[in-house]
Amino acid sequence: MLDASYLRDMLSFVEEGSYTGVTNEALVRCFAPDIFDKAVHQSEDFAKFKYHMDEAWGAGLIRRRDSRGGDDWGVRFGSSGSVALTRVDLVLTPIGGEALAEMRKSKGAERLVDALKSAGGVAGREALSQGIAA
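Throughout this document, residue positions are counted from 1 along each chain, in the order its sequence is written. Note on the predicted model: pLDDT of at least 70 is required for a residue's local features to be given, and 80 or more for side-chain atom pairs to be given and counted; whole-chain, interface and lining totals, by contrast, use all residues. For the side-chain quantities, the full set of heavy atoms in the structure was used; hydrogens and water were omitted.

All right, on to the nonpolar core then. Within the largest apolar cluster, 29 residues are counted, with the highest numbers of intra-cluster contacts made by Leu 11, Leu 27, Phe 49 and Met 53. Ranked by residues supplied to this core, first place goes to helix α1 (residues 4-15) with 7 residues. The set of buried Ala, Val, Leu, Ile, Met, Phe, Trp, Tyr and Cys residues whose side-chain atoms join them within 4.5 Å is what this entry labels a nonpolar core. For every residue, the accessible area obtained with a 1.4 Å probe (protein chains only) is divided by the maximum for its type, and the residue is called buried under 20%, exposed over 50%, and partly exposed between those limits. The secondary structure listing takes helices from DSSP runs of H or I that are at least 4 residues long and strands from runs of E that are at least 2 residues long, numbered from the N terminus.

Structure representation (structure tokens):
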């Protein structure tokens, strides 16, 4: 389930990096600090963080500052449940900036959640994209 205020906070954190971006490691340390203390499958914080990052990435709200080198936000999983981060600098996309501005309005996050609910059977990233467009 998408937590609009959590997503807003994540996007705000990325926005603070301006044009140079923020590292994926800084995001993980802020939003899922226990990832470095225990296995991924035991970390509720990391599961929530990863879900929101995957949705934000898939909806085109964030991207790598330097598009060379990959098409993901730099997280890899080992067979033992460990996490490996490849340093990636992340920035907001233009639509990510617009979505964040809307989410900061008094009813913005509420409208996002309502738009996602109205997307009905459309799943995941497509629902988030439609919600932001609404």
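Secondary-structure assignment places Glu 110 in helix α5 (residues 108-118). Residue Glu 110 is classed as partly exposed on the basis of its relative accessible area, which comes to 46%. With 105 residues separating them along the chain, Glu 110 and Ser 5 place their C-alpha atoms 9.2 Å apart.

In this section: the sheet that holds strand β5 (residues 89-92). Taken in spatial order, the 3 strands of this open sheet run β1-β5-β2, and their pairing is antiparallel. Here the strands that pair on one side only, and so sit at the sheet edges, are β1 (22-23) and β2 (62-64). In terms of strand pairing, β2 meets β5 through 3 bridges, oriented antiparallel. Bridge assignment links Ile 62 to a residue of β5, and that residue is Leu 92. Sitting on the sheet, α1 touches β1, β2 and β5, and the angle it makes with β5 is about 110°. Here, residues are in contact when the closest pair of their heavy atoms is within 4.5 Å. Whenever a helix is involved, its axis is fitted only over the stretch in contact; in every case the axis is a line through C-alpha atoms, and angles between N-to-C directions fall within 0 to 180 degrees. Of the strands in this sheet, β2 and β5 are in contact with helix α3 (residues 44-58), which crosses β2 at around 85°. Pairing between two strands requires that DSSP report at least two bridges joining them.

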